[in-house]
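# Reading the structure
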Amino acid sequence: SAVISQKPSRDICQRGTSLTIQCQVDSQVTMMFWYRQQPGQSLTLIATANQGSEATYESGFVIDKFPISRPNLTFSTLTVSNMSPEDSSIYLCSVATADSNQPQHFGDGTRLSIL
Amino acid sequence: TQLLEQSPQFLSIQEGENLTVYCNSSSVFSSLQWYRQEPGEGPVLLVTVVTGGEVKKLKRLTFQFGDARKDSSLHITAAQPGDTGLYLCAGGGWDMRFGAGTRLTVKP
């Protein structure tokens, strides 16, 4: 399966600042997704990163807070804007093929702490 | 929204014991996935089940998909400390939903 690299792996940020997380895949993939995993909890889908168009956001997540880019088939970024302590989470990138029955594969995540 | 209920949420057992984790829903899924996540890492895919009634084995792990494709189970035989981790079931295709997870601790 594809090798998925996320940067940074962790960061500690001040409230009110923004951080951009990068997700790089070693091969072209059709689908890329961003998830949030709050402390001690499961994964929640933030959005689907669409190549060449605006991301598709899930209920409860908005573009102003979590702008996403996907300039090509191997790269995507997620920005967490105007951060507050409630944004402290692990943010995960995943990839999948065009077949929706095929599983998603995940990067190792970015552990974000907001002071 | 397709919801997945996973149980138990926490499980602490001794090495050598058997255990079963359940993943239930009122919705039908075309496929379900099981992942294991260890601290500091992303979820790693263990298996995908697609056909109702399907049973898949991965060494000491046995996965079953319910006949109606609404539920699944993961059974571990003779658990080892290396099995410790967060086990997650997921389904829903691209609009993937995850269960709450089962945090398994296997004590030596």
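Before any of the text, the structure's been laid out above.
Now for a look at the structure at hand. Quantities reported herein were computed from a predicted structural model and do not represent experimental measurements.

Rules used throughout
Residues numbered from 1 in each chain as written. Chains lettered and ligands numbered in written order. Predicted model: local features only at pLDDT ≥ 70, side-chain atom pairs only at ≥ 80, totals over all residues. Heavy atoms only, no water. Contact = heavy atoms within 4.5 Å. Buried area = accessible area lost by both parts, 1.4 Å probe. Salt bridge = Lys/Arg side-chain N within 4 Å of Asp/Glu carboxyl O. Polar contact = N/O pair within 3.5 Å; in protein donor to acceptor, adjacent residues only side chain to side chain. Helix = DSSP H or I, 4+ residues; strand = E, 2+ residues; numbered from the N terminus. Buried < 20%, exposed > 50% of the residue type's maximum accessible area, 1.4 Å probe, protein only. Pairing = 2+ DSSP bridges. Phe/Tyr/Trp six-rings, centres within 6.5 Å; stacked < 30°, edge-to-face > 60°.

Here we take up the interface of chain B and chain A. Tallying the contact residues gives 22 residues for chain B and 23 residues for chain A. Carbon and sulfur atoms supply 52% of the area that chain B and chain A bury against each other, a total of about 1,700 Å² over both sides. Across the salt bridge formed by A:E58 and B:R97, the nearest N and O atoms sit 2.9 Å from each other. Where chain B touches chain A, the interface holds six residue pairs in polar contact (both at pLDDT 80 or more). Elements supplying a minimum of two residues to the side of chain B that touches chain A: β4 (32–37), β5 (44–49), β9 (85–91) and β10 (97–98) of chain B.

All names here are of chain B. Per the counting criterion, the structure on display carries five salt bridges over all chains. A salt bridge links R36 to E38; its shortest N-O distance comes to 3.4 Å. Assessed through its relative accessible area of 32%, E38 is described here as partly exposed. The salt bridge partner of E54 is K56, with a shortest N-O separation of 3.7 Å. On the basis of relative accessibility, which here comes to 18%, the residue E54 falls in the buried class. When its relative accessible area of 30% is taken as the criterion, K56 is described as partly exposed.

The next thing to look at is the environment of A:K7. Residues and elements named next belong to chain A. Along the chain, the position of K7 falls in strand β1 (residues 4–7). Considered as a pair, K7 and Q102 are 95 residues apart in the sequence and their alpha carbons are 25 Å apart. Contacts of K7, omitting those with residues within four sequence positions, involve T20, I21, Q22 and T110.

On to the pairing of β9(B), then. For a regular strand, side chains alternate in direction, first toward one face of the sheet and then toward the other. Residue and element names in this part refer to chain B. Burial of β9 is extensive: seven of the seven residues sit out of reach of the surface. Sheet topology note: the β4/β9 ladder contains six bridges and is antiparallel. When the bridges of β9 are listed, Q33 appears paired with A90. Relative to strand β11 (residues 102–107), β9 is paired through three bridges, and the arrangement is antiparallel. Among the inter-strand pairings, L86 is bridged to a residue of β11, identified as R103. Hairpin connection from β9 to β10: five residues lie between these consecutive antiparallel strands, with G92 at a positive phi of about 110 degrees.

On to the packing of aromatic side chains. Going through the model one piece at a time under the given rule, you end up with eight aromatic pairs over all chains. Plain terms: the ring middles of A:F66 and A:Y91 are 6.4 Å apart, the flat faces sit at 45 degrees to each other, and that makes the pair tilted. Taken together, the positions of A:F66 in the loop between β6 (56–57) and β7 (68–72) and A:Y91 in strand β9 (residues 89–96) put the pair 25 residues apart, joining distant regions of the chain. Take A:F66: its relative accessible area is 4%, and that puts it in the buried class. The class of A:Y91 is buried, set by a relative accessible area of 0%. Relative to B:F63, the ring of B:W34 has its centre 6.4 Å away and its plane inclined at 50 degrees; by these criteria the two rings are tilted. Note that B:W34 is positioned in strand β4 and B:F63 in strand β7 (residues 61–65), a separation of 29 residues in sequence. With respect to class, B:W34 is no different from B:F63; both count as buried.

Quick look at the environment of A:D87 now. Residue and element names in this part refer to chain A. Mapped onto the elements, D87 comes out in the loop between β8 (75–80) and β9. It is 27 Å that separates the C-alpha atoms of D87 and G52, two residues lying 35 residues apart in sequence. Those residues within four positions of D87 in sequence are excluded, and the remaining contacts are K65, F66, V80, N82, L112 and I114.

Interpretation note: all reported values are geometric properties and have no functional meaning in isolation.
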